[in-house]
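# Coordinate inspection notes
Okay, here's what each chain looks like letter by letter:
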Amino acid sequence: MKLAKYLLAMPIAIVISAQTFSDVLSDPNAALELLNSYLAGEEALFALLSTAKDITVLAPSNEALYRLENDEAMIARFADPGMMGAFLKYHVFSGVWYSSNFTAAKAPLFVPTMLNDTAFTNVTGGQRVKAHAKDGEVVLYSGMLTQTPIKSANYNFSGGTIHIIDRVLTVPPNITDTLVTANLTAAAGALKVAQMAQGIGQGSPVTVLAPDNDAFNAIGKVIGAMSTADLAAVMGYHVIPGQALYSGMIKNGTAATAAQDDSAVLRFRVEDDGAIFVNSARIIQSDILFDNGVIHMLDGVLNPANTSAAPNPTASTQAPAFSGEGTTDGVPFTSGIGTPTSAAPTATVTDLGTLPVAGAPVPLRTGAVRAALLLGGIVMLVNA
């Protein structure tokens, strides 16, 4: 079904506001002059957003678009012509989500977006954005560990609501790029050696439990000497096929079947303080989004031959689940994988100086990105 027809066919949950999408863009308090300028004269995209119902639009502010146009890494990703449409869809939530929905939640929410193109994701119901409120501020977490605070919220219009953001979301990339960015290079290398990385990037959604580099180093002499088949069995025990198991879905006693085989069960334990363990390993960072699901970082390597391993929640570190453990001279499986080029992006940024406003001269690259976003994005949105 065409996305435009789908959007138009969605029921209106409530009558939100008589204000139009155009009214919000023109509101001087919204600081959306650049976005308004981008959309001026682009009737197809403007009409799509203006007539859609029951949606939440994450509208990049002047500052966000200025950052986008000067982000070399983002510009490089836009070399893929399909990325433009994916980028735009990822900034539209399915349903109306007010700021109160996030601030009232006791746990992070994983909000479905309009991004459901199989070239970019196989997450059921659309790729997710993690939303978490702390001290009254709502922060959105997207791909490559990008953190995006909602600057101002609830600009309601007849089709839903708009939240203004000062940093664009990052469409979650593939498993290898995501692991490398998170400095999980040993896990990335082990999946590559086990010939599993490509399979994780295809088909149904998946959850990956990725031990950190220290965890691999702690048993480096054991795991580094394994055959490809044995390594594949170990790494298969770290993959839960068929579902993206976000942290909010994990309860004390949750069990999941690993990809290794139908009898390979993983058991989750949730402590009163919120700490989550898988078998004997602790999740030290949860909900790292990638194109086909979610990654949880572990402080230990799981052993499919030692499924009864249990954690010691009072210990600062857990004993390895393998016997004969020992470190190596370097973290195993990282040869040829590379290292992160920079720290993970967060909401903290350097001073950008004076920001451009509508009507100001447009640099050459800005014009190129603008044309790509509008023309390529319209084609992808309307024909999806």
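In this report, the structure presented in the accompanying data block is examined. These figures come from a predicted structure and were not determined experimentally.

### What to know about the sheet that holds strand β4 (residues 128-134)
As summarised here, the arrangement of the seven strands in space is β2-β1-β7-β6-β5-β4-β3, forming an open sheet in which the pairing is mixed. Each edge of the open sheet carries a strand with a single partner, namely β2 (92-94) and β3 (109-112). For this sheet, the mean inter-axis angle between neighbouring strands, taken without regard to orientation, is 35 degrees. As paired strands, β3 and β4 are joined by four bridges and run antiparallel to one another. Counted as the bridge partner of F110 is K130 from β4.

### Side note on the nonpolar core
If you look at the biggest cluster of nonpolar residues, it comprises 50 residues, and the most contacted ones within it are L140 and I162. Contacts of L140, omitting those with residues within four sequence positions, involve L58, V129, K130, A131, T146, Q147, T148, I150, I165 and L169.

### Let's talk about the side chain of T148
Looking at the element boundaries, T148 is found in strand β6 (residues 147-157). Taking relative accessible area as the criterion, T148 reaches 0% and is therefore assigned buried. Among the polar contacts listed, one links the side chain of T148 to the backbone oxygen of R167, at a separation of 3.3 Å. Apart from residues no more than four positions distant in its own chain, T148 is found in contact with V138, V139, L140, I165, R167, V168 and L169.

### Observations concerning unusual backbone geometry
Positive phi, normally seen in glycine, also occurs at D135, with a value near 55 degrees. For D135, the position within the fold is in the loop between β4 and β5 (137-141). For F333, which is not glycine, the phi torsion reads 70 degrees and is therefore positive. On the secondary structure map, F333 appears in the loop between β14 (293-298) and α15 (364-383).

Conventions adopted
- Residues numbered from 1 in each chain as written.
- Predicted model: local features only at pLDDT ≥ 70, side-chain atom pairs only at ≥ 80, totals over all residues.
- Heavy atoms only, no water.
- Pairing = 2+ DSSP bridges.
- Helix = DSSP H or I, 4+ residues; strand = E, 2+ residues; numbered from the N terminus.
- Axes fitted to C-alpha atoms, helices over the stretch in contact; angles between N-to-C directions.
- Core = buried A, V, L, I, M, F, W, Y, C linked by side-chain atoms within 4.5 Å.
- Buried < 20%, exposed > 50% of the residue type's maximum accessible area, 1.4 Å probe, protein only.
- Contact = heavy atoms within 4.5 Å.
- Polar contact = N/O pair within 3.5 Å; in protein donor to acceptor, adjacent residues only side chain to side chain.

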